[in-house]
Amino acid sequence: GDSVTQMEGPVTLSEEAFLTINCTYTATGYPSLFWYVQYPGEGLQLLLKATKADDKGSNKGFEATYRKETTSFHLEKGSVQVSDSAVYFCALSVGRGSQGNLIFGKGTKLSVKP
Amino acid sequence: GAVVSQHPSRVICKSGTSVKIECRSLDFQATTMFWYRQFPKQSLMLMATSNEGSKATYEQGVEKDKFLINHASLTLSTLTVTSAHPEDSSFYICSAIHPGYGYTFGSGTRLTVV
């Protein structure tokens, strides 16, 4: 079945360090891919998305490129800030465009130290 | 933008009592809403899909008699945890699909059963 695998955390970085959170997926169709962010005690917020191969999603300095050949959607940021500390979820949806059922990875907790 | 309001944000109840959680789409109509459960340090697991005017669709392993879902209007879905027990303590999140913004999540409800 469809699934998402992302690197296990926690990830601890110093401020201004480079961030990569790996995400790979398996899907029978042509999924849309998402990164969501969850700040402590809050629900999920969409960070960025890509709906077809080679698309790059970007927001708030974060980027991820939809790589069909490697079935990956790795999240990157060139210089993290303390305020980026949160849990990041990679997700996919298949069917009904980008609005099929969402399937989430297990989440990666990021802690950024000053 | 799209806003989904979830209430309450935190609730503590005694074992054996029932708790109702509300999920409202504030500026759009949602014929379908989703309820997720999140265990500590784990991903979101889809519990059920709430359909306006009809019965909810539950995921495998979710007790429909324990987690009652009602979607009586196009802007409101409720999840009632009946006869709650400590093992029901969790973080519950709802979401709805906004026509333009896609998946939009509530801020979640932290349920603690004592």
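Residues numbered from 1 in each chain as written. Chains lettered and ligands numbered in written order. Predicted model: local features only at pLDDT ≥ 70, side-chain atom pairs only at ≥ 80, totals over all residues. Heavy atoms only, no water.

Digging into the nonpolar core
Logical step 1: Core analysis: the largest hydrophobic core is formed by 25 residues, its most contacted members being Trp35, Leu47, Leu48, Phe73, Leu75 and Tyr88 of chain A.
Logical step 2: Secondary-structure elements contributing two or more residues to this core are β2 (11-14), β3 (19-21), β4 (23-26), β5 (32-38), β6 (44-50), β8 (62-65), β10 (86-93) and β12 (108-113) of chain A.
Logical step 3: Top contributing element to this core by residue count: β10 of chain A, with four residues.
Logical step 4: Apart from the residues within four sequence positions on either side, Leu48 of chain A is in contact with Leu33, Phe34, Trp35, Gly57, Ser58, Asn59, Phe62, Glu63, Ala64, Phe73 and Leu75 of chain A.
Logical step 5: Counting residues in each nonpolar core, the second largest holds 24 residues, with Ile21, Phe28, Leu79 and Val113 of chain B among its members. (Core = buried A, V, L, I, M, F, W, Y, C linked by side-chain atoms within 4.5 Å. Buried < 20%, exposed > 50% of the residue type's maximum accessible area, 1.4 Å probe, protein only. Helix = DSSP H or I, 4+ residues; strand = E, 2+ residues; numbered from the N terminus. Contact = heavy atoms within 4.5 Å.)

A look at the packing of aromatic side chains
Logical step 1: For the structure shown, the criterion picks out twelve aromatic pairs over all chains.
Logical step 2: Taking 5.8 Å as the distance between ring centres and 55 degrees as the angle between the ring planes, the aromatic pair formed by Tyr36 of chain A and Phe104 of chain A counts as tilted. Taken as a pair, Tyr36 of chain A in strand β5 and Phe104 of chain A in strand β11 (residues 102-104) lie far apart in primary sequence, 68 residues in all.
Logical step 3: Exposure remark for Tyr36 of chain A: the relative accessible area of 0% places this residue in the buried category.
Logical step 4: Among the residues examined, Phe104 of chain A registers a relative accessible area of 10% and is labelled buried.
Logical step 5: Residues Tyr36 of chain B and Phe105 of chain B carry aromatic rings whose centres are separated by 5.9 Å and whose planes lie at 45 degrees to one another, so their mutual orientation is tilted. With a gap of 69 residues between them, Tyr36 of chain B in strand β4 (residues 32-38) and Phe105 of chain B in strand β10 (residues 102-105) connect regions that are remote in the sequence.
Logical step 6: Look at Tyr36 of chain B and you get buried, because its relative accessible area is 1%.
Logical step 7: Residue Phe105 of chain B is classed as buried on the basis of its relative accessible area of 8%. (Phe/Tyr/Trp six-rings, centres within 6.5 Å; stacked < 30°, edge-to-face > 60°.)

Points about the state of the cysteines
Logical step 1: In total, this model carries two disulfides over all chains according to the counting rule given.
Logical step 2: With a sulfur-sulfur separation of 1.9 Å, Cys23 of chain A is cross-linked through a disulfide to Cys90 of chain A. Given an S-S torsion of about -70 degrees, the disulfide between Cys23 of chain A and Cys90 of chain A has left-handed geometry. Of this pair, Cys23 of chain A sits in strand β4 while Cys90 of chain A sits in strand β10, and the two are 67 residues apart along the sequence.
Logical step 3: Look at Cys23 of chain A and you get buried, because its relative accessible area is 1%.
Logical step 4: Cys90 of chain A gets classed as buried once you look at its relative accessible area, which sits at 1%.
Logical step 5: The disulfide bridge from Cys23 of chain B ends at Cys94 of chain B, spanning 2.0 Å between sulfur atoms. As the torsion about the S-S bond is roughly 85 degrees, the Cys23 of chain B-Cys94 of chain B disulfide counts as right-handed. With Cys23 of chain B in strand β3 (residues 19-25) and Cys94 of chain B in strand β9 (residues 90-98), this pair connects stretches of sequence that are 71 residues apart.
Logical step 6: Between Cys13 of chain B, a free cysteine, and Cys94 of chain B, which holds the nearest cysteine sulfur, the sulfur-to-sulfur gap is 18 Å. (Disulfide = S-S within 2.5 Å.)

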